[in-house]
Amino acid sequence: MSFAKKTPPISLDIAFDEDRILINGSNIDVPSHIDAFVKILGKPRKTTYPDERKSRPDNALSSKRVNYSWDSLGVYCLTSNGAVVNTFGIRMNGGYVRPRHFPNCFFDGILKISGMPWEDAFKTLPYYGEPNAVFKRLDLGIYAANGGYIDKNSPEKGYMIVEIQLKKLR
């Protein structure tokens, strides 16, 4: 009988297209319960934020925002209620800002968007936003990928993050 801990994969292969997200061959949806990500990636670090709505009398319902990070893998999940993941993020590079929920390490795996390396996808696929904006948004089917530049005045420095979420209707 083995009592070895389940360890997350050392490297991730993430593929994203019009209707699915694959992490090391496993299909994952956004939104999904955090347990679906834990099953694939292992145990994350939790970052809890104070609930700003509790002090507002106009909102009787409150939720607890909890974000999850897999520090050694360079990925994170954002939630509004601590359970349902609404955004899956990948930390690509350093930048001036480092929120508490960012993983301690950069992503060192493979990320493909519509079958091409993610950097090529952001260069060649149609995107929304101004050419020198901080974010570029690719809309693919039901999902959107947001790429955030390290420095909007120097896009050649690359992207700090790529976040995948359901596409918002215009």
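Values in this document were obtained by computation on a predicted structure and should not be read as measured data. (Residues numbered from 1 in each chain as written. Predicted model: local features only at pLDDT ≥ 70, side-chain atom pairs only at ≥ 80, totals over all residues. Heavy atoms only, no water.)

**Some words on the overall build of the protein**
Helix and strand counts for the protein stand at 2 helices and 13 strands. Classification of the 170 residues of the protein by burial places 44% in the buried group. Contacts in the protein between residues far apart in sequence, at least 24 positions, make up 50% of those at least 6 positions apart. (Helix = DSSP H or I, 4+ residues; strand = E, 2+ residues; numbered from the N terminus. Buried < 20%, exposed > 50% of the residue type's maximum accessible area, 1.4 Å probe, protein only. Contact = heavy atoms within 4.5 Å.)

**Side note on the sheet that holds strand S3 (residues 26–28)**
Spatial strand order, S3-S2-S1-S9-S10: 5 strands in an open sheet with mixed pairing. At either margin of the open sheet sits one strand with a lone partner, and together these are S3 and strand S10 (116–117). When strand S9 (residues 110–113) meets S10, the two strands line up antiparallel, connected through 2 bridges. Looking across to S10, one finds that Ile-113 is bridged to Met-116. (Pairing = 2+ DSSP bridges.)

**Description of the environment of Ala-15**
Looking at the element boundaries, Ala-15 is found in strand S1 (residues 13–16). By relative accessible area, which is 28% here, Ala-15 ends up partly exposed. Ala-15 sits 95 residues away from Ile-110 along the chain, and the two C-alpha atoms are 8.1 Å apart. Not counting the four nearest positions on each side in its chain, Ala-15 is found in contact with Arg-20, Ile-21, Leu-22 and Lys-112.

**Topic: the confidence of the model for the protein**
Averaged over every residue, the pLDDT of the protein is 80; the share at 70 or more is 75%. In this model, residues 1–9 is a region of pLDDT below 50 whose contacts with residues beyond four sequence positions or in other chains number 6 contacts. Overall, residues 55–62 carries pLDDT values under 50, and its contacts beyond four positions in sequence, including any with other chains, amount to 5 contacts. (pLDDT = per-residue confidence, 0-100.)

**Some details on the side chain of Asn-146**
Considering the arrangement of structural elements, one finds Asn-146 in strand S12 (residues 143–149). Sequence-distant contacts of Asn-146, that is, excluding residues within four places in its chain, are made with Phe-122, Phe-135, Lys-136, Arg-137, Ile-161, Val-162, Glu-163 and Gln-165.

**Let's talk about the packing of aromatic side chains**
Within the structure shown, the criterion is met by 4 aromatic pairs. Relative to Tyr-143, the ring of Phe-16 has its centre 6.1 Å away and its plane inclined at 65°; by these criteria the two rings are edge-to-face. Of the two residues, Phe-16 sits in strand S1 while Tyr-143 sits in strand S12, which places them 127 residues apart along the sequence. The pair formed by Phe-16 and Tyr-143 is uniform in burial state, with each residue classed as buried. Judged by centre distance (6.5 Å) and plane angle (80°), the ring pair of Trp-118 and Phe-122 falls under edge-to-face. Taken as a pair, Trp-118 and Phe-122 lie in helix H2 (residues 118–124) at a separation of 4 residues, close to a single helical turn. Judged by its relative accessible area of 11%, Trp-118 falls in the buried class. Accessibility expressed as a relative area gives 1% for Phe-122, which makes it buried. (Phe/Tyr/Trp six-rings, centres within 6.5 Å; stacked < 30°, edge-to-face > 60°.)

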